[in-house]
Amino acid sequence: MLFSEKTALVTGASRGIGRAIALAFAKEGANVAVIYAGNSAAAGETVEELKALGVKARAWQCDVGDFAAAGAVCKEVIEEFGGVDILVNNAGIIRDGLILSMKEADFDAVVNTSLKGAFNMTKHLYSHMMKKRRGRIINMASVSGLMGNAGQANYAAAKAGVIALTKTTARELAGRGVTCNAIAPGFIRTDMTDKLTDKVKENTIAAIPMKRMGEPEDIAAAAVFLASDAAGYITGEVLRVDGGLCI
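Residues numbered from 1 in each chain as written. Predicted model: local features only at pLDDT ≥ 70, side-chain atom pairs only at ≥ 80, totals over all residues. Heavy atoms only, no water.

Trainee: Which residues make up the pattern of salt bridges, and what values go with them?
Mentor: In a structure, side chains of opposite charge can pair up when their charged atoms sit close to one another. A complete count under the given rule lists nine salt bridges for this structure. As a salt-bridge pair, K132 and D85 come within 2.8 Å of each other at their nearest N and O atoms. Of this pair, K132 sits in helix 4 (residues 104-132) while D85 sits in the loop between helix 3 (67-81) and strand 4 (86-89); the two residues are 47 residues apart in sequence, bridging distant segments of the chain. The network of salt bridges with shared partners includes K56, R58 and E80. (Salt bridge = Lys/Arg side-chain N within 4 Å of Asp/Glu carboxyl O. Helix = DSSP H or I, 4+ residues; strand = E, 2+ residues; numbered from the N terminus.)

Trainee: An account of unusual backbone geometry is needed here, citing residue identities and associated values.
Mentor: Located in the positive-phi region is E5, a residue other than glycine, with phi close to 65°. Structurally, E5 is set in the segment before strand 1 (7-11). The exposure class assigned to E5 is exposed, which follows from its relative accessible area of 76%. Of note in the backbone geometry, K211 takes a positive phi value of approximately 60° without being a glycine. Position of K211 among the secondary structure elements: in the loop between helix 8 (198-206) and helix 9 (216-227). Its relative accessible area of 52% is what places K211 among the exposed residues. (Buried < 20%, exposed > 50% of the residue type's maximum accessible area, 1.4 Å probe, protein only.)

Trainee: Lay out the sheet that holds strand 2 (residues 31-36) with the relevant residues and their values.
Mentor: Adjacent strands of a sheet pair through backbone hydrogen bonds, lying either parallel or antiparallel. The sheet built from seven strands is open, its strands ordered 3-2-1-4-5-6-7 with parallel pairing. Both edges of this open sheet fall to strand 3 (57-61) and strand 7 (238-241), since each of them pairs with a single strand only. Each strand of the sheet is rotated relative to its neighbour by a mean of 20°, with strand direction disregarded. Sheet topology note: the strand 5 (residues 135-140)/strand 6 (residues 178-185) ladder contains six bridges and is parallel. Following the sheet pairing, I137 is matched in strand 6 by C180. Seen against the sheet, helix 3 touches strand 1, strand 2 and strand 3 and runs at an angle of roughly 165° to strand 3. (Pairing = 2+ DSSP bridges. Axes fitted to C-alpha atoms, helices over the stretch in contact; angles between N-to-C directions. Contact = heavy atoms within 4.5 Å.)

This is the structure:
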């Protein structure tokens, strides 16, 4: 198994892409710390699925955008699991709207979770991984952060920031054996996209060269690769998993 005796900390892991990543890591032998914002039932179900795969798993509720809370949960995970080898900054929210009508609070909330949350978790595990002289950090970006998207000024700005954070982190930690890469998903089948109208889905799929939505497992497969030894000489990269949407 790729991750036997290793621990992965995955934020936003109770459902969707985060859940798929947690399960994919567990199938490769990793113990998993499930970080979630508010859906304790979904987090509990994910933990039980992970345990059924024969690994150690536990859930922590945490607002990753809260610096102190993020630090506390990182400390607890290290104490509980003996260390963290893989960090996946997946937590994110959307509050879509045109700039004309977007509320300041909606802009701040998205940036706080998606960008500041990734910074907070990275900051609190930075020294830990640096001292171990090994580690993998994977940040969830988006094609919106690469090309922009009308009605998503907050989300696109946050994800573009995640890409810049990824490259900076990669430069700072490369000499310590720690890699940092980003995944930029395209149109993926999740709770978020399920809420879109059929017309919006049809129009978006029509713009995808592969003519289909992606699945959370497509993103999980990319995360497994980037966390593996096979990707040991890759850092600061943004891997698009988008069916060709952002070519």
